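Listed below, chain by chain, are the residues.
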Amino acid sequence: MDQEDAIPLHLLRLVSPSLPVGAFAYSRALEGAVHAGWVQDHVTARDWIIGGLEHIFAATDGALFWRMIQALYAEDHAGFTYANAWLAACRESREMQLEDRRMAEALMSLLKALEVPAAQNHACSGLTYPASFAIAAHRWHIAPLPALKGLMWTVADAQVAAAIRLVPLGHVMGQRILIEAVPVVERSAAWATTLDDDDIGNLSPAQAMASAWHETQYSRLFRS
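Residues numbered from 1 in each chain as written. Predicted model: local features only at pLDDT ≥ 70, side-chain atom pairs only at ≥ 80, totals over all residues. Heavy atoms only, no water.

### Points about the nonpolar core
1) Next: Phe80, Leu111 and Phe133 are the most contacted members of the largest nonpolar core, which has 74 residues in total.
2) Next: Looking at this core, the elements that each hand over two or more residues are α1 (9–15), α2 (30–36), α3 (42–73), α4 (77–89), α5 (94–113), α7 (129–139), α8 (144–166) and α9 (171–192).
3) Next: Sorting elements by how many residues they give to this core places α3 first, with 16 residues.
4) Next: Those residues within four positions of Leu111 in sequence are excluded, and the remaining contacts are Val116, Ala119, Ser132, Ile135, Ala136 and Trp140. (Core = buried A, V, L, I, M, F, W, Y, C linked by side-chain atoms within 4.5 Å. Buried < 20%, exposed > 50% of the residue type's maximum accessible area, 1.4 Å probe, protein only. Helix = DSSP H or I, 4+ residues; strand = E, 2+ residues; numbered from the N terminus. Contact = heavy atoms within 4.5 Å.)

See the structure below:
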């Protein structure tokens, strides 16, 4: 195993559900999709979670995270700022914007409390969560590709946790989805690193609609 493929223990800490960023409070529009009847069992939950990871997250968050962490290692502040602003502009609903911003603020507050030097130089407001995750990964010398895979894993893990409560799914079915997500994360992360600027972007009307409808949904478990 070469250094680029190694999984540092600090990465396991950053992808742990115990990281205090409030990820448990958000469903990334999954609750809206369940309410609309689009997600109602193991198969539709798997397709929603894994499909979104591969075709939405990788093509936008993944590709721009790759640029941000590369910029940090190259000490390219302008490149980091540009990629972060680009990603922030891609959020398609108010809830998605708030989720991204609040989780980023929580992680940056944690990094400041842990006296991470780079966290002192960035304002919490305006950062996306992938940008704050890149700062954390850079601080603990996590190579870009494992960091990208870790970020993508946090999405799959949080979505499965939400699906267990919402669909509802049993924990065994949740684990089946996560097992199926492993090769998807591997190939999607590799693909995200190859995208040119013109290839970056998502087309996710169903997710955007579910998120927008969720803002006025009568009864909700999650904040997005």
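### Notes on a positive patch on the surface
1) Next: Positive charge collects at one region of the surface, where Arg94, Arg101, Arg102 and Arg223 lie side by side.
2) Next: Note on placement: Arg223 falls in the segment after α10 (205–214). (Patch = residues over 30% accessible without salt bridge, like charges linked within 9 Å, V, L, I, M, F, W, Y side chains within 5 Å. Areas by Shrake-Rupley, 256 points an atom, 1.4 Å probe, with all protein chains shown as cover. Salt bridge = Lys/Arg side-chain N within 4 Å of Asp/Glu carboxyl O. Lys, Arg positive; Asp, Glu negative; His and termini not counted. Charge placed at Lys NZ, Arg CZ, Asp CG, Glu CD.)

### Points about the packing of aromatic side chains
1) Next: Under the counting rule described, the total for this entry stands at 5 aromatic pairs.
2) Next: Through pairs of rings, three or more aromatic residues link up here, namely Trp38, Trp48 and Trp213. (Phe/Tyr/Trp six-rings, centres within 6.5 Å; stacked < 30°, edge-to-face > 60°.)

### Some thoughts on α8
Given 3.6 residues per turn, any residue in an α-helix points the same way as the ones three and four places further on.
1) Next: In a regular helix each residue adds 1.5 Å, so 23 residues correspond to 33 Å; α8 covers 33 Å between its end C-alpha atoms and thus fits that length.
2) Next: Taking burial as the measure, the 23 residues of α8 include 18 buried ones, the bulk of the element. (Expected span 1.5 Å × (residues − 1).)

### Remarks on the pattern of salt bridges
1) Next: By the definition in use, this model includes 8 salt bridges.
2) Next: Taking the shortest distance from any N to any O, the salt bridge between Asp197 and Arg67 comes out at 3.0 Å. In this pair, Asp197 sits in the loop between α9 and α10 while Arg67 sits in helix α3, placing the two residues 130 residues apart along the sequence.
3) Next: With a closest N to O distance of 3.0 Å, Asp100 and Arg91 form a salt bridge.
4) Next: Here Asp100 falls in the buried class, since its relative accessible area comes to 8%.
5) Next: Within this structure, Arg46, Asp47 and Glu180 form a network of salt bridges that share partners.

### Looking at a nonpolar patch on the surface
1) Next: Among the surface-exposed residues, Trp38, Met209 and Trp213 lie close enough to one another that they form a single nonpolar patch of about 310 Å² accessible area.
2) Next: Here Trp38 shows up in the loop between α2 and α3.
3) Next: Residue classification places Trp38 among the partly exposed positions, given a relative accessible area of 34%.

### A few points about α9
1) Next: Across its 22 residues, α9 extends 30 Å between first and last C-alpha, which sits within 8% of the 32 Å expected from 1.5 Å per residue.
2) Next: In α9, a bend of some 30° at Ala181 exceeds every other bend along the element, and Pro183, a proline, comes one to four places later.
3) Next: Within α9 the residues assigned to the buried category are Gly174, Ile177, Leu178, Ala181, Val184, Val185, Ser188, Ala189 and Ala192. (Bend = angle between axes of the 7 residues up to and from the residue.)

### Quick look at the environment of Asn121
1) Next: Assignment of secondary structure puts Asn121 in the loop between α6 (117–120) and α7.
2) Next: Between the C-alpha atoms of Asn121 and Ala104, which are 17 residues apart in sequence, the distance is 14 Å.

### Description of the packing of α3 against α7
1) Next: Axis separation between α3 and α7 bottoms out at 9 Å; the angle between their running directions is 40°. Regarding the angle of α3 to α7, the classification is oblique. Here the hand of the crossing between α3 and α7 comes out right-handed. Side by side, α3 and α7 meet where Asp61, Phe65, Met68, Ile69, Leu72 and Tyr73 of the first sit next to Pro130, Ala131, Phe133, Ala134, Ile135, Ala137 and His138 of the second. (Axes fitted to C-alpha atoms, helices over the stretch in contact; angles between N-to-C directions. Parallel < 35°, antiparallel > 145°, perpendicular 65-115°, else oblique. Left-handed = near helix turned anticlockwise from the far one by under 90°.)

### A short note on the environment of Gly52
1) Next: Positionally, Gly52 belongs in helix α3.
2) Next: In sequence terms Gly52 and Ala156 are 104 residues apart; their C-alpha atoms lie 9.3 Å from each other.
3) Next: If sequence neighbours within four positions are ignored, Gly52 has contacts with Asp47 and Phe57.

### A few points about unusual backbone geometry
1) Next: Backbone torsion omega between Val167 and Pro168 reads -10°, so that peptide bond is classified as cis.
2) Next: With respect to the helices, strands and loops of the structure, Pro168 is situated in the loop between α8 and α9.
3) Next: Of note, the phi angle at Arg28 is positive, near 55°, even though the residue is not glycine.
4) Next: The exposure class of Arg28 is partly exposed, given its relative accessible area of 25%.

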